[in-house]
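# Observations on chain architecture
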Amino acid sequence: MNLNERDRARVWHPYTQMLTQPPLLPIVRGEGVYLYTEDGRRILDGISSWWVNIHGHSHPKLNAALAAQAQEIEHVIFAGCTHRPAVELAERLVEVMPPGLNRVFYSDNGSTAVEAAIKMAVQYWRNRGEPQHSGLITLHHAYHGDTVGAMSASEDSVFTRAFTPLLFPVERAYAPYCYRCPLGLKRETCGIDCLGDLERCLEEHGERTAAVLIEPMLQGAGGMIVWPAEFLGGVRRLCDRYGVLLIADEVLTGFGRTGRMFACEHAQVTPDILCLSKALTAGYLPLGVTAATDAIYEAFLSTDRGQTFFHGHSYTANPLACAVAIASLDLFRENHVLARVARLEQQMRAGLEPLRSLPRVGDVRVIGGVGVVELAGDSGYLADIGTRLGAAFLERNLLLRPLGNIVYFMPPYAITDAETQWALAQIGDVLDS
Ligand SMILES: Cc1ncc(COP(=O)(O)O)c(C=O)c1O
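Just so it is clear, the model here is predicted, and its values are computed rather than measured.

So, on to unusual backbone geometry. Phi is positive for Ser58, close to 50°, though the residue is something other than glycine. Looking at the element boundaries, Ser58 is found in the loop between helix H2 (48–51) and helix H3 (60–72). Taking relative accessible area as the criterion, Ser58 reaches 42% and is therefore assigned partly exposed. Look at Ala282: it is not a glycine, yet its phi comes out positive at around 55°.

What follows is the structure, given as structure tokens:
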């Protein structure tokens with residue numbers, strides 16, 4: 001039996017209707033931006049393997065860091081023990097994260113980074129003797145992960161609907177989705193009026209709210225929605241005015257994806273709590289970080305053990321993952337990675353903006369290393385066009401997974417100019433046809 005036949009007999013894949021799924025890509029090797037299949041195809045990874053890869057696949061320096069760490073200690077319980085990779089990574093992160101985020105709490109993926117953030121925010125208020133601050137305000141089109149808390153915070157969608165009875169209620173405010181403006185306005189002439197909905201929410205529910213949770217600058221799975229930076233600055237000001245915490249979920253946007261090391265930098269915002277994962281380990285291993293300010297951390301210091309943050313996972317702060325994350329931060333410096341992302345952004349703009357003239361194209365959005373083409377008409381993850389387009393790109397050896405009518409290109413930053421040009425040409429040709 002080949003790999004697909006053996007897979008079919010035993011494996012259950014994520015987000016996959018196993019009854020109708022066509023044969024899977026049997027990947028045997030990766031190098032740079034390319035994935036190699038069992039049957040000899042070379043496919044360009046245009047979605048960074050679910051938005052995690054940044055320096056390219058099987059990078060020699062990251063491979064070496066992983067191998068070296070495996071010789072020292074592969075894993076150890078992180079309650080009652082510590083280790084060099086976890087401490088050094090925390091020190092390095094504090095150097096690069098928005099100023100004021102001085103504490104690093106580890107977990108093991110993006111959803112758990114968000115779960116920890118929600119629980120941290122709620123317990124912060126409880127420890128301070130204000131337990132009425134227990135609710136969440138999130139935004140429409142949000143996606144924060146697939147665990148129950150993260151799903152509750154996410155937009156009601158095909159991802160969450162089957163689980164509605166399990167979810168806790170949250171308040172939802174408008175997102176600045178300019179192409180489909182909730183107020184019917186135009187970005188060129190509006191005054192970021194959609195922020196008024198968050199203000200209304202805070203006015204009504206602020207006293208009962210622990211935190212506002214956002215994906216700054218780029219809402220990912222909910223539609224690759226690029227924000228005006230003024231909205232982000234406005235969210236911080238409103239949180240301060242109404243005395244609630246701000247949680248920034250930078251699981252997708254962290255580590256350069258929007259052109260800055262962290263998306264919060266687009267409006268010089270420091271959140272009270274910051275969630276990181278995905279590119280944290282350059283796509284090598286699962287690791288989550290929930291970073292907090294001193295004020296949050298200090299609210300948990302007490303002789304009353306009931307004020308402890310009772311949250312953890314078996315693989316919290318895995319040394320192998322931490323070692324790769326440190327090596328990835330080294331690569332940022334050595335290879336001037338943010339300058340590379342700026343160049344990628346220019347190329348994306350030049351390649352995608354002309355597609356606006358195609359009849360089915362509704363909007364083009366570019367931020368950092370992410371280029372988005374939204375098709376007009378039917379929207380939503382299940383829009384059939386997404387699957388058809390994905391198959392057409394794959395025929396040309398370009399791996400993209402459109403979110404329904406939203407096509408996006410998010411390659412590892414290690415992609416060369418020529419490879420970018422090639423991929424953008426494929427996107428143009430497929431959309432044109
Ligand atoms: C903004 C955001 N938050 C959280 C998550 C969940 O991360 P994970 O898939 O590692 O659980 C994702 C995943 O796509 C995400 O984009």
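Next, the rest of the story.
The next thing to look at is the site of the ligand. By nearness alone, every residue bordering the ligand is listed as Trp51, Asn109, Gly110, Ser111, Tyr143, His144, Gly145, Glu215, Asp249, Val251, Leu252 and Lys278. Within the backbone of Gly110, a nitrogen or oxygen atom sits 2.9 Å from an oxygen atom of the ligand. Surface burial for the ligand is 83%, taken as the share of its 390 Å² of free accessible area covered by protein chains. Each residue belonging to the shell around the ligand can be placed in one class, and the counts come to four nonpolar, five polar and three charged.

With that out of the way, let us pick up the environment of Asn127. Residue placement: Asn127 occurs in helix H5 (residues 110–127). Judged by relative accessible area, which is 12%, Asn127 ranks as buried. Dropping the residues within four chain positions of it, Asn127 is found in contact with Ala299, Phe300 and Gln307.

The next point concerns the pattern of salt bridges. Note that side chains of opposite charge can pair when their charged atoms are close. The full count for this structure, using the stated rule, is 23 salt bridges. The shortest N-O distance in the salt bridge between Glu88 and Arg84 comes to 2.8 Å. With a gap of four residues between them, Glu88 and Arg84 both fall in helix H4 (residues 84–96), about one helical turn apart. Residue classification places Glu88 among the partly exposed positions, given a relative accessible area of 25%. Linking Asp417 and Arg340 is a salt bridge whose minimum nitrogen-to-oxygen distance equals 3.1 Å. Placement of the pair is Asp417 in helix H13 (residues 417–432) and Arg340 in helix H11 (residues 337–352), with a sequence separation of 77 residues. Judged by its relative accessible area of 18%, Arg340 falls in the buried class.

Procedures and definitions
Residues numbered from 1 in each chain as written. Predicted model: local features only at pLDDT ≥ 70, side-chain atom pairs only at ≥ 80, totals over all residues. Heavy atoms only, no water. Helix = DSSP H or I, 4+ residues; strand = E, 2+ residues; numbered from the N terminus. Buried < 20%, exposed > 50% of the residue type's maximum accessible area, 1.4 Å probe, protein only. Near = heavy atom within 4 Å. Polar contact = N/O pair within 3.5 Å; in protein donor to acceptor, adjacent residues only side chain to side chain. Areas by Shrake-Rupley, 256 points an atom, 1.4 Å probe, with all protein chains shown as cover. Nonpolar A, V, L, I, M, F, W, Y, C, P; charged D, E, K, R; others polar. Contact = heavy atoms within 4.5 Å. Salt bridge = Lys/Arg side-chain N within 4 Å of Asp/Glu carboxyl O.

Functional significance is not addressed by these values, which are geometric in nature.
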